[in-house]
Every structure is written in structure tokens, then in C-alpha cells.
Amino acid sequence: MRIARLTLHRIAMPLVRPFETSFGVQTVRDVVLVHVVTADGVEGWGECVAGADPVYSSEYVSGCEHVIERYLAPALLSAADVTAEGLHTLFAFVVGHRMAKAAVEAAILDAQLRASGLSFGAYLGAVRNEVDCGVSVGIAPSIAELLDEVRGYAAEGYRRIKLKIKPGWDVEPVRAVRSLLGGAMLLQVDANTAYTTDDIDLLRELDEFDLLLIEQPFAEEDIAAHVELAEAIDTPVCLDESITSAAVAIDAIARDATSIINVKPGRVGGYLEAVRIHDACRHRDVPVWCGGMLETGIGRAANVALAALPGFTLPGDTSASRRYYAEDLTEPFELVEGRLRVPTGPGTGVTVREDLVAAWATRPPLLLR
Ligand code: OSB
Ligand code: MG
């Protein structure tokens, strides 16, 4: 297909509650959306998962917007024939900037699949029509407030709870939540790189809570530190920030730095690379789960499809729309018995509410052709 135009929208969406991690507190999502229209008039939408500031990774929303405007969109608009599968080569001249590339890939894939009548799930290789869902719970002002929040999510039916931790907010909140939930509920923690190898003895104290995993305790680049931790504790180590490609995933697994992987399409450059990670992990008997970046319905629809692949054997951070937003950009995703249904319509299978995109804009749309 040929891409006739690409529009970058920038919107702000308030979160239903502040989301605090070891990086800081977030109350609004500042989102870039990519909207493409092919020469045949087929449309596709993609969501960029970068944060407002470069704290989770080196990417951030304004940087992604710039990379798309200055480098990716011109390459796309001047190509005679664009396919989602060909973007890896088309964009190879830009080093890194995976979240920017992933947003464009998602929009192209959406258009390509809409043109051929195929859903994301069918294209990616989904084997389930609904997926088990977990919820990521931010750092709370007090243990009492944390327990209230967790109690609410458990009552809604979430099948797994993930607690954000940081130094000073780790063993005691985890102890309190484990005792609230009982031994049967799946429980895991995410440190977002907040610890160092000096904390290994402290992190070993988490072993008594029978956690499913500990996610990314150390710095993104420090694979060796995770190897050391994995040897020292019983809780399985799971990498998020560190896993930027299938090659890195394969290396981290071979070095025993990680025994479970959090797959986020934005972090790895797109859905096609996410599937390659899934395939490599499956081949090595390493379970994967679908992470989240507080996506709107656009990104959520595609993530839910990805989470339906056979190697996604653990519940994902694929929570219902209402866990994040009072009103979503698409029809809302609703939890039924702790699961979300995989959309079956062409492309992402959801419809973007363009009136809301316009109403929530923080600057005029940028049209590139
Ligand atoms: O580390 O998984 C993370 C949100 C933003 C950035 C990083 C992370 C998260 C979450 C929330 O944990 C996952 C979600 O519910 O979308
Ligand atoms: Mg994480």
C-alpha cells in the first residue's frame, strides 16, 4: 500500500487515580496518536506509549513526535509500497527510538489488516478469544489505602495483582497485601530499576511471600546484576526495561538473568518484534506476559490480541479501561470474570472516537503528506 497522509495528534487524558512508581507520580497521560490514510482511503491508528518524561526509558512523548515528524513519516510517505513487515528495513536508518517506530508500525498494521479484513489476533497468531487480566497497583500514601485499592481490584475479579515497590515501600506493603489476599491469589512486584545489588539481602526477604516474580529490580543495562540476584533468591526474576529486542531477550535468558519476560510492543519497536520475543521465549520454555503502559483503547486492543498468543501463559497488565480512564478513546474494555475479550473485527477491531481526539487535543493536529 501507499501512505497518502499521516497525522500526529497530541492529547491529554486524566487518569482516574494518580499512578505512582519508583520514577514518580503520574496523573495525566500525554499521548501521541498516529493516524494514517492509504492512497486507497483505508485508515489506521497507532498509539505511542512513551511517557511525558524520559524516566521509564530514554524515550518521551515530544521526542517520539519529533522522530516521527522528522524521520519516520518522510520515509513512509516517500515509499512506493509500504507493509508492516517492511518497516523494520525502512526504518533501520534510525537507531533506537523503538516507541516512535512501534506507534507508526501499529497504525500501518491496523490499516493493512483493515484492508485485508483480518484482525490483529488472527494476524499475530492468537489461540484464545479472551485473556486473563492482572492489575498494576501504584505506590500508595499508606498501607491502609493500598489495601483499600487492592481489595477493590480483587472484588472486580482481577486474576493477579502487581505491586509497585521501591526502597522504603517493599517488604511491609507486600506482607500486608499477601495477608489480605491469602495464599491463592497470584501476586508479583515491580521495582522499575529502583534497587542495586547492595539490596540483595533485602530482596531475599520477599521470598517468604510466594511471589510469582520480581520485575526489573536493577538498571536497564545491568544484565549481570540480575544474574547475581536470580542466583541469590527463590523468587523468579522478570525483566521489563532491559528487554529492548528479541536479541537481548535471547541473551538475557541464556545468561539466566531472567526466567519470565514482560513483553511490551512499544518498548521493543512494535508488535512484530514482540511476536519474535514470544516465539524465542516459547522455544526456550520461558513464560511471557503482556505488560502495559496505561494504554488507551487503541493500544489496549492490540495488546489484548497479543496476549492471546500461546506463550502468554501469565495474566497481563491488560486491565479494563475504567482502571485508567473515566472515558476511553474507543469502546471501553470491560472485565468479565477477570478476563478481557480479544476484539475480532478487522485491524484492532475498535473504533476511535475522533470527537474525543479533537476535544482532548493539547495542540492542533500535525498533518504530514
Ligand atoms: O513498569 O510495567 C511498568 C506503567 C507505565 C510505565 C511502566 C510500567 C507501567 C505499569 C502499568 O506497571 C501497566 C498498565 O497497567 O498499563
Ligand atoms: Mg515494569
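Residues numbered from 1 in each chain as written. Chains lettered and ligands numbered in written order. Predicted model: local features only at pLDDT ≥ 70, side-chain atom pairs only at ≥ 80, totals over all residues. Heavy atoms only, no water.

## Examining the pairing of strand β10 (residues 260-263)
Here β10 shows no split at all, with I260 and N262 on one side and I261 and V263 on the other all buried. Looking at chain direction, strand β9 (residues 237-239) and β10 are connected through 2 bridges and run parallel. Bridged to L239 within β10 is I261. In the classification by handedness, the crossover that spans β9, the intervening helix α9 (residues 246-254) and the parallel β10 is right-handed. For β10 and strand β11 (residues 288-290), the ladder comprises 3 bridges, and the chain directions are parallel. The residue of β11 that forms the bridge with I261 is V288. (Buried < 20%, exposed > 50% of the residue type's maximum accessible area, 1.4 Å probe, protein only. Helix = DSSP H or I, 4+ residues; strand = E, 2+ residues; numbered from the N terminus. Pairing = 2+ DSSP bridges. Right-handed = clockwise from strand over helix to strand, strands pointing away.)

## Considerations on the sheet that holds strand β13 (residues 366-368)
Within a beta sheet, neighbouring strands are joined by backbone hydrogen bonds and run either parallel or antiparallel to one another. Taken together, 4 strands build an open sheet; the order of strands is β3-β2-β1-β13 and the sheet is antiparallel. Every interior strand has two partners, whereas the edge strands, β3 (43-47) and β13, have only one. Each strand of the sheet is rotated relative to its neighbour by a mean of 25°, with strand direction disregarded. The pairing of strand β1 (residues 3-21) with β13 spans 3 bridges and is antiparallel. (Axes fitted to C-alpha atoms, helices over the stretch in contact; angles between N-to-C directions.)

## Structural notes on a negative patch on the surface
On the surface, E221, D222, E228, E231 and D256 cluster together to form a negatively charged patch. Looking at where D256 falls in the secondary structure, it is placed in the loop between α9 and β10. (Patch = residues over 30% accessible without salt bridge, like charges linked within 9 Å, V, L, I, M, F, W, Y side chains within 5 Å. Areas by Shrake-Rupley, 256 points an atom, 1.4 Å probe, with all protein chains shown as cover. Salt bridge = Lys/Arg side-chain N within 4 Å of Asp/Glu carboxyl O. Lys, Arg positive; Asp, Glu negative; His and termini not counted. Charge placed at Lys NZ, Arg CZ, Asp CG, Glu CD.)

## A look at the pattern of salt bridges
Under the counting rule described, the total for this entry stands at 25 salt bridges. Where R276 meets E273, a salt bridge forms, and the shortest distance between an N and an O atom there is 2.7 Å. Separated by 3 residues within a single helix, R276 and E273 lie in helix α11 (residues 271-283), roughly one turn from each other. Judged by its relative accessible area of 39%, R276 falls in the partly exposed class. Of the residues examined, E273 reaches a relative accessible area of 11% and is grouped as buried. Through salt bridges with shared partners, a single ionic network connects R160, K162, K164, D190, E215 and D317.

## Comments concerning helix α6 (residues 171-181)
Residues of α6 that are buried: V171, P173, V174, A176, V177, R178 and L181. Just past α6, the residue G182 takes up positive phi, approximately 80°.

## Considering helix α8 (residues 223-232)
Within α8, the full set of buried residues consists of I223, A225, H226, V227 and L229. For α8, the elements touching its buried residues are α7 (200-204), β9 and α9. (Contact = heavy atoms within 4.5 Å.)

## Overview of the sheet that holds β9
The strand order β5-β6-β7-β8-β9-β10-β11 describes an open sheet built from 7 strands, whose pairing is parallel. The sheet terminates laterally at β5 (134-137) and β11, the two strands that pair on one side only. Bridge count between β5 and strand β6 (residues 160-164): 4 bridges; the pairing is parallel. The residue bridging G134 from the neighbouring strand is R160, located in β6. Sheet strands in contact with helix α5 (residues 143-156) are β5 and β6, and its direction is about 165° off that of β5. α6 rests against β6 and β7 (186-190) of the sheet, and its axis sits at about 165° to β7.

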